[in-house]
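# What the coordinates show
Residues per chain are reported as follows:
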Amino acid sequence: MKSDELISGTTTICGVIGDPIAHTMSPSMHNAAFKACGLDYIYLPFRVKKDELGRAIAGMRALNIRGLNVTIPHKVAIRQFIDKLDDMAEKIGAVNTLVNENGIVSGYNTDAQGFLQALLERDIDPAGKTVSILGAGGAARAISFILAERGANLIILNRTPEKAGECAGRIAQYFGREARAMALNNQNLKAAIKETDILVNTTSLGMSPDVQQTPVTADLLQCGTVVFDTVYNPLQTRLLMEAEKAGAKTISGIDMLVWQGALAFEKWTGQQAPVDAMRTAAIKRLTER
Ligand code: ATR
């Protein structure tokens, strides 16, 4: 594509569907990636209401849109409108990436693999490690399943312990691994953290504007642990600041966000994603707003 021409008659279209969609970071990240690779692609936000989801996917086929990311509230409901579902996405029960091959739409969950890549890029392999996961919602399911597949030992702590138990049950069923489930309270956290190599927060505690909240009190944090907060706004959550002070290694949710995007990019374009350009664009977008 000529550098002075953003969209032409041959431009391939990708995008994101969700509602609300105004605060999405994905267009900044993906358009920066397309530009960095000199690809004749564009990425657009689409606000799609719940009862329009089926028609949106019909539109994707009719308009030959190459790929879409799927966000709240469509990640679960989207499954009924697509043609193929990746095995891990099926297990997780949520889809965040669609690929359109000549009208055949396949669904994937790159959140799960994106989380794993964020660890692996720092030479942290969770295989054989003990990982404590705080929360048992959609994000926790994606993260715990990919970790179970990789061979990590899991402890799931959730405010509602029944949901932690449900998640552990699925892990036993799908991956044949024992996962421990318990209530998220100080006593259980203290015991779990003693044997934890990697601690992952998937709850929304600490997310802007409630930046003073944290799922773990500072006195429980210790050096030698890796602390991964899936919250990316703010970039430095209270949990990460206190973990760093305690001497722990920290990873921000921005890395998972960037890697889930990078993996989607690779499915759409067949090219390796320019991860650093995507990270720079995401951080710029986050600090601008
Ligand atoms: P996501 O897709 O981001 O995981 P979700 O499915 O709504 O979102 O899950 C949110 C998770 O954060 C849940 O584990 C929730 O705990 P409950 O199952 O008890 O609701 C957890 N969470 C949200 N707010 C919380 C809070 N104030 N304290 C502790 N956990 C909280």
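Residues numbered from 1 in each chain as written. Predicted model: local features only at pLDDT ≥ 70, side-chain atom pairs only at ≥ 80, totals over all residues. Heavy atoms only, no water.

Around the ligand sit Gly135, Ala136, Gly137, Gly138, Ala139, Asn158, Arg159, Thr160, Lys163, Thr203, Ser204 and Leu205, and those are all the residues in its vicinity. Gly138 has a polar backbone atom sitting 3.0 Å from an oxygen atom of the ligand. Here an oxygen atom of the ligand and a side-chain polar atom of Lys163 are 2.9 Å apart. Protein contacts shield 63% of the accessible area of the ligand, which totals 650 Å² for the unbound molecule. Counted by class, the shell around the ligand contains 3 nonpolar, 7 polar and 2 charged residues. (Near = heavy atom within 4 Å. Polar contact = N/O pair within 3.5 Å; in protein donor to acceptor, adjacent residues only side chain to side chain. Areas by Shrake-Rupley, 256 points an atom, 1.4 Å probe, with all protein chains shown as cover. Nonpolar A, V, L, I, M, F, W, Y, C, P; charged D, E, K, R; others polar.)

The next thing to look at is the side chain of Thr203. Within the fold, Thr203 resides in the loop between β10 (198–201) and β11 (226–229). In terms of polar contacts, Thr203 uses its side chain to reach the backbone amide nitrogen of Leu205, at 3.2 Å. Not counting residues up to four positions away in its chain, the partners in contact with Thr203 are Leu134, Gly135, Pro215 and Val231. (Helix = DSSP H or I, 4+ residues; strand = E, 2+ residues; numbered from the N terminus. Contact = heavy atoms within 4.5 Å.)

Let us look at the pattern of salt bridges. Under the defined criterion, the tally for this structure stands at 14 salt bridges. In this structure, Asp125 and Arg150 form a salt bridge, with 3.0 Å as the shortest nitrogen-oxygen distance. Taken together, the positions of Asp125 in the loop between α4 (110–120) and β7 (130–134) and Arg150 in helix α5 (residues 138–150) put the pair 25 residues apart, joining distant regions of the chain. By relative accessible area, which is 34% here, Arg150 ends up partly exposed. (Salt bridge = Lys/Arg side-chain N within 4 Å of Asp/Glu carboxyl O. Buried < 20%, exposed > 50% of the residue type's maximum accessible area, 1.4 Å probe, protein only.)

By the alternation rule, side chains of strand β3 (residues 67–70) split into Gly67 and Asn69 and Leu68 and Val70, which are all buried. Of the strand pairs in this sheet, strand β1 (residues 12–18) and β3 are connected by 4 bridges, and their pairing is parallel. In the sheet register, Val16 faces β3, and the bridge partner there is Asn69. (Pairing = 2+ DSSP bridges.)

All right, on to the sheet that holds β7 then. Taken in spatial order, the 6 strands of this open sheet run β9-β8-β7-β10-β11-β12, and their pairing is parallel. The outermost strands of the open sheet, each flanked by one partner alone, are β9 (179–183) and β12 (249–252). Ignoring strand direction, the axes of neighbouring strands in this sheet form an average angle of 15 degrees. Judged from the 5 bridges that link them, β7 and strand β8 (residues 153–158) form a sheet pairing that is parallel. Across the sheet, residue Ser132 finds its bridge partner in β8, namely Ile155. Packing of helix α9 (residues 253–269) onto the sheet brings it into contact with β11 and β12, and relative to β12 it is tilted by some 50 degrees. (Axes fitted to C-alpha atoms, helices over the stretch in contact; angles between N-to-C directions.)

Sheet strands pair via backbone hydrogen bonds, and the direction of the pair is either parallel or antiparallel. Taken together, the 6 strands give an open sheet; going across it, the order is β2-β1-β3-β5-β6-β4, and neighbouring strands pair in mixed fashion. Each end of this open sheet is capped by a strand with a single partner; those strands are β2 (41–47) and β4 (84–85). Where β1 lies against β2, 7 bridges are found, and the strand directions are parallel. Note that in β2 the partner of Ile13 across the bridge is Ile42. Lying on the sheet, helix α1 (residues 26–37) is in contact with β1, β2 and β3; it crosses β2 at an angle near 170 degrees.

Function cannot be read off these values alone, since they describe shape.
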